[in-house]
Amino acid sequence: MDGYSKSDSGPEVTAQQDEARKGASGTEQAIAAAFVAARRSASALDAYPGALPEDLAAGYRIQDTAIALDGREVVGWKVGRIPPPRDIALGADRLCGPIFADEVVTQGAGSEPEMPVFAGGFAAAEAEFLLHVVPGWDGVVPTDDAATAALIDAVHIGIEIASSPWARINADGPPVTVSDFGNNAGMIVGPAFADWQEIDFSCVPVSLEIDGVVAGEGTTATMLDGPLGAVRFLLANLVARGQRTEKGLWVSSGAVTGVHEVRPGAQVRARFAGWAR
């Protein structure tokens with residue numbers, strides 16, 4: 001697995017982001033530093049590097065600190081579901097994490113991209129709809145599907161690579177998942193949907209295969225308010241955290257068929273029936 005590098009300049013930050021990071025405790029800053037170091041060295045962690053964050057606010061403080069320490073350009077965000085009853089206890093039914101520019105791979109015709117995952121950590125593949133928010137968004141969070149769709153300039157099929165140095169990142173609960181970049185390690189951008197505005201996402205059957213065996217099948221009908229709802233959640237989250245969005249961004253909108261754990265060397269194929277694979 002390849003290591004991770006840090007840019008020289010680091011990411012641009014808003015005053016709100018800077019204030020949020022300053023609010024992180026010493027323990028939260030140490031956790032962020034440990035995850036960034038583990039990702040750079042491509043090393044698994046034997047234990048969670050500190051006290052587990054107890055709520056989403058703590059998880060996002062760690063995440064924001066880690067984004068700043070990491071220094072790479074964020075070009076998108078993954079969105080994942082928080083299942084019941086944890087959604088009620090935590091006050092949110094979704095979570096998110098950054099997708100960095102050097103971890104986005106566009107699939108060429110007939111190509112089979114290779115994506116690194118953490119051996120000894122957690123690794124999974126998820127079939128997802130990828131929506132792109134236009135550059136220049138004015139920061140006003142849309143309230144319905146029509147207003148959300150107006151902010152989208154492309155929809156592709158894709159695969160999220162969910163991987164973390166910490167093997168129990170999902171088992172330990174959503175605040176822990178949030179704390180390590182939302183358990184994201186990249187995104188494969190597949191073919192685009194032509195005339196996507198006319199598509200009912202919930203009518204597109206999706207399946208995911210691991211080593212030729214179907215691991216899951218489904219549609220977005222089970223995904224709360226669907227991919228456009230995931231975009232609305234994300235935009236509201238980013239505004240609240242002071243994250244920059246004016247350059248446009250990808251939204252990996254959530255696992256359609258489930259979170260399917262994989263091992264290094266596995267071959268994964270996502271099929272969007274009637275469209276592409």
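Residues numbered from 1 in each chain as written. Predicted model: local features only at pLDDT ≥ 70, side-chain atom pairs only at ≥ 80, totals over all residues. Heavy atoms only, no water.

*Asks:* Before we move on, could you go through the environment of Ile31 and cite the residues and values that matter?
*Replies:* Among the secondary structure elements, Ile31 is positioned in helix 2 (residues 26–41). Between the C-alpha atoms of Ile31 and Ala66, which are 35 residues apart in sequence, the distance is 8.5 Å. (Helix = DSSP H or I, 4+ residues; strand = E, 2+ residues; numbered from the N terminus.)

*Asks:* Requested: an account of helix 3 (residues 56–70), with residues and values cited.
*Replies:* Compared with an ideal rise of 1.5 Å per residue, which puts 15 residues at 21 Å, helix 3 spans 20 Å between its outermost C-alpha atoms and is within 8% of the ideal. Helix 3 sits mainly inside the fold: 11 of its 15 residues count as buried. Within the span of helix 3, buried status applies to Leu56, Ala58, Gly59, Tyr60, Ile62, Gln63, Asp64, Thr65, Ala66, Ile67 and Asp70. Gly71 lies just past helix 3 and shows a positive phi near 85°. (Expected span 1.5 Å × (residues − 1). Buried < 20%, exposed > 50% of the residue type's maximum accessible area, 1.4 Å probe, protein only.)

*Asks:* Tell me about the packing of helix 3 against helix 7 (residues 226–241), residues and numbers included.
*Replies:* Describing two packed helices takes the angle between their axes plus the distance from one axis to the other. Between helix 3 and helix 7, the least distance of the axes is 12 Å, while the angle of their chain directions is 75°. The pairing of helix 3 with helix 7 is recorded here as roughly perpendicular in orientation. Within the contact between the two elements, helix 3 uses Tyr60, Gln63, Asp64 and Ile67 and helix 7 uses Phe233, Asn237 and Arg241. Residues that form the contact of helix 3 with helix 7 fall into these classes: 3 nonpolar, 2 polar and 2 charged. (Axes fitted to C-alpha atoms, helices over the stretch in contact; angles between N-to-C directions. Parallel < 35°, antiparallel > 145°, perpendicular 65-115°, else oblique. Contact = heavy atoms within 4.5 Å. Nonpolar A, V, L, I, M, F, W, Y, C, P; charged D, E, K, R; others polar.)

*Asks:* Residue-level account of the pattern of salt bridges, with values.
*Replies:* For the structure shown, the criterion picks out 14 salt bridges. Between Arg271 and Glu209 there is a salt bridge, and its shortest N-O distance comes to 2.7 Å. Taken as a pair, Arg271 in strand 11 (residues 268–272) and Glu209 in strand 7 (residues 206–210) lie far apart in primary sequence, 62 residues in all. Owing to a relative accessible area of 11%, Glu209 belongs among the buried residues under this scheme. Its salt-bridge partner being Arg263, residue Asp211 comes within 3.1 Å of it at the nearest N-O pair. Pair noted here: Asp211 is in the loop between strand 7 and strand 8 (213–218) and Arg263 is in the loop between strand 10 (260–261) and strand 11, with a separation of 52 residues, a long-range link. Its relative accessible area of 36% is what places Asp211 among the partly exposed residues. (Salt bridge = Lys/Arg side-chain N within 4 Å of Asp/Glu carboxyl O.)

As far as function goes, none of this settles anything; it's purely spatial.
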